[in-house]
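Residues per chain, in single letters:
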Amino acid sequence: MSTYTQILYQVVFGSKNHIAFMTATNQESLFKYMAGILKNKGCHPYKVGGYKNHIHLVFSLNKTVSLSDIVKEIKQGSGDFMKSNKSLYQNFPGWQVGYGAFTYSQDSVDNLIKYVENQHEHHRKRTFQEELIEFLDKYNVEYKKEYLYT
C-alpha cells in the first residue's frame, strides 16, 4: 500500500518583539513568496496572509515534509527575501523563535481562508498576542506566557 495523507494546518508566527513591518504595499509580495516555498515543497497553500506583525499559513502538508522543516524553510527563505528587498521591508526585525500550529478537518478550509482574509478587520478588536492565546486556549495547548513572544 502507498502512503496517503491529508493534513491541513494553520501555522501562525510573528515578528520579533511584535514589530509591525507589513504594509498594504509590501505584504502581497511576501505572501506570494511564502506560498511559492510551500508549493516547491509539494505542499498545497490554501491561503497565506497576515497583518502588520504576523503571518497565517493555511496549507496541506506534503507527506514527505515535516512541519518543523517547512516552517523553518519559510522563515529562513522569507527573511532572506525581505533582506534582499530591504527598501520594501525596512522595519523587519526578524521572526520570533517559535510558531503555533493547529490541525483542522478538510471541511474547515473555507472558514480558515475567510479568517485569514479578514485579518485587518479581526485585529481592530484584538492584538496578535491576544489572538495567539485564544488559539492556544481553544485547542488546549499548554504554554508559558513568558515564552510566547520570543
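Preceding this paragraph is the structure being described.
Residues numbered from 1 in each chain as written. Predicted model: local features only at pLDDT ≥ 70, side-chain atom pairs only at ≥ 80, totals over all residues. Heavy atoms only, no water.

*Asks:* I'd love a proper account of the overall build of the protein, names of residues and values included.
*Replies:* The number of helices and strands found in the protein is five helices and four strands. Ordered by position from N to C terminus, the α and β elements of the protein give β-α-β-β-α-β-α-α-α. Its C-alpha atoms give the protein a radius of gyration of 15 Å, within 12% of the compact-globule value 15 Å for 150 residues. Projected onto the principal axes, the alpha-carbon positions of the protein cover approximately 50 × 35 × 25 Å. (Helix = DSSP H or I, 4+ residues; strand = E, 2+ residues; numbered from the N terminus. Rg over C-alpha atoms; globule rule 2.2 N^0.38 Å.)

*Asks:* I'd love a proper account of the pairing of strand β3 (residues 54–60), names of residues and values included.
*Replies:* With seven of its seven residues buried, β3 lies for the most part within the structure. By the bridge criterion, seven bridges tie strand β1 (residues 8–14) to β3 in an arrangement that is antiparallel. The residue of β3 that forms the bridge with V11 is L57. Pairing between strand β2 (residues 44–51) and β3: seven bridges, direction antiparallel. Residue pairing in the sheet places K47 in a bridge with V58 of β3. Between β2 and β3, which pair antiparallel and follow one another directly, the connecting turn spans two residues, one of which, K52, has a positive phi of 50 degrees. (Buried < 20%, exposed > 50% of the residue type's maximum accessible area, 1.4 Å probe, protein only. Pairing = 2+ DSSP bridges.)

*Asks:* Explain the pattern of salt bridges to me, using residue names and the numbers behind them.
*Replies:* This structure, assessed with the given rule, holds three salt bridges. Here K47 makes a salt bridge to E117, at a shortest N to O gap of 3.7 Å. Of this pair, K47 sits in strand β2 while E117 sits in helix α3 (residues 109–117), and the two are 70 residues apart along the sequence. Under the relative-accessibility criterion, E117 is labelled partly exposed at 48%. In this structure, R124 and E121 form a salt bridge, with 3.2 Å as the shortest nitrogen-oxygen distance. For R124, a relative accessible area of 59% translates into the label exposed. On the basis of relative accessible area, E121 is assigned to the partly exposed category, the value being 42%. (Salt bridge = Lys/Arg side-chain N within 4 Å of Asp/Glu carboxyl O.)

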